[in-house]
Amino acid sequence: MTSPSTVADGGAMVVAQKVSKRFGSVEVLRGIDLEVNKGEVMCIIGPSGSGKSTFLRCINHLERINAGRLWVDGVLIGYEQRGDRLHEMKPKHIARQRRDIGMVFQRFNLFPHKTAIDNVIEAPTVVNGLSKKKALARAEELLVRVGLEDRMRMYPSQLSGGQQQRVAIARALAMDPKLMLFDEPTSALDPELVGDVLDVMKELAQSGMTMIVVTHEMGFAREVGDSLVFMDAGYIVESGAPKDVLANPQHERTQAFLSKVL
Ligand SMILES: Nc1ncnc2c1ncn2[C@@H]1O[C@H](COP(=O)(O)OP(=O)(O)OP(=O)(O)O)[C@@H](O)[C@H]1O
């Protein structure tokens, strides 16, 4: 029998069952059920305030859910089982679980007084325990992967927004995450910089990384996404293959949203 802290995942990286979250009296997530398989790229779209970021933040322990259950790679988020009972997870166990999850935000949160490579290097040394030399090699490899081989020694203020966002992606990858969460990674960028960041994400998807991407980039969702979820007012209103949802939305709220953004 499945114990409360484990889930019969059948290859799922993320399982959400009836996940609810409220801030004060405001219900922001109202019973989210979904599964993201290993290697899947799930895109989440929806109007402002529908709860998309909050859902990602709950997966990454940045918010606590009020009801329901959430598993990452078969491990229950925020709780551990002792005997028959669930207990709140200790901070060191939360920190361990968060190492499996890389998150990239809309606003790149780089250290301004560190170069690109020094922004990336911290995770391999501190989190993964690599020697300084190996961490440096790892950070260089990741910066090459995101196309910044000629910008490694520059400070964030010397980089464009798109380049800074690619450093942020390299830094998240430096933890060797099993799961990458992207929260509107291109919406703060000038239009001409968006493509380079999306290309890095596409390469990551093709490498087999499991990804949940909150985005307004419908072209990316159609081309790269394996699944598309439309959220509104804290509910999953509709989900399916991106090309189907985008071309032939079934729900009137999805239709209304897409008519504004497509
Ligand atoms: N820490 C908080 N305290 C109170 N309310 C919050 C908090 N964080 C989010 N909210 C509220 O939760 C709702 C959902 O916010 P969320 O950022 O998840 O929406 P979203 O769908 O990601 O929106 P957007 O597309 O504009 O980023 C909003 O009404 C927001 O004001």
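Residues numbered from 1 in each chain as written. Predicted model: local features only at pLDDT ≥ 70, side-chain atom pairs only at ≥ 80, totals over all residues. Heavy atoms only, no water.

Visitor: Tell me about the nonpolar core, and name the residues and values.
Guide: L143, I169, M180, F182, M201 and M211 are the most contacted members of the largest nonpolar core, which totals 51 residues. Sequence-distant contacts of L143, defined by excluding residues within four places in its chain, comprise A116, I117, V120, L148, E149, M152, V167 and A170. Counting residues in hydrophobic clusters, the runner-up holds 26 residues, among them M13, L29, L70 and I212. (Core = buried A, V, L, I, M, F, W, Y, C linked by side-chain atoms within 4.5 Å. Buried < 20%, exposed > 50% of the residue type's maximum accessible area, 1.4 Å probe, protein only. Contact = heavy atoms within 4.5 Å.)

Visitor: Before we move on, can you summarise helix α5 (residues 161-173) with the specific residues and values?
Guide: The terminal C-alpha atoms of α5, which comprises 13 residues, lie 18 Å apart, in line with the 18 Å expected from a rise of 1.5 Å per residue. Of all the 13 residues making up α5, 13 are buried; the element is thus mostly covered by neighbouring parts of the structure. (Helix = DSSP H or I, 4+ residues; strand = E, 2+ residues; numbered from the N terminus. Expected span 1.5 Å × (residues − 1).)

Visitor: Go over the sheet that holds strand β11 (residues 227-232) with me, naming the residues and quoting the values.
Guide: The strand order across the open sheet formed by six strands is β8-β9-β10-β3-β11-β12, and the pairing between neighbours is mixed. With partners counted over all chains shown, the strands left at the sheet margins are β8 (101-104) and β12 (235-240), one partner each. Each strand of the sheet is rotated relative to its neighbour by a mean of 20°, with strand direction disregarded. Here β11 pairs with β12 via five bridges, running antiparallel. (Pairing = 2+ DSSP bridges. Axes fitted to C-alpha atoms, helices over the stretch in contact; angles between N-to-C directions.)

Visitor: Describe the site of the ligand, with residues and values.
Guide: Looking at the ligand, the residues that line it are F23, V28, P47, S48, G49, S50, G51, K52, S53, T54 and E184. Contacts to the ligand include G49, whose backbone N or O atom sits 2.8 Å from an oxygen atom. E184 has a polar side-chain atom sitting 3.1 Å from an oxygen atom of the ligand. Protein coverage of the free-state accessible area of the ligand, which is 640 Å², stands at 57%. (Near = heavy atom within 4 Å. Polar contact = N/O pair within 3.5 Å; in protein donor to acceptor, adjacent residues only side chain to side chain. Areas by Shrake-Rupley, 256 points an atom, 1.4 Å probe, with all protein chains shown as cover.)

Visitor: Go over the environment of T215 with me, naming the residues and quoting the values.
Guide: By secondary structure assignment, the location of T215 is in the loop between β10 (210-214) and α7 (218-224). For the pair formed by T215 and C43, sequence separation is 172 residues and the distance between their alpha carbons is 6.8 Å. Within the structure, the side chain of T215 is placed 2.8 Å from the backbone nitrogen of E217, a separation counted as a polar contact.

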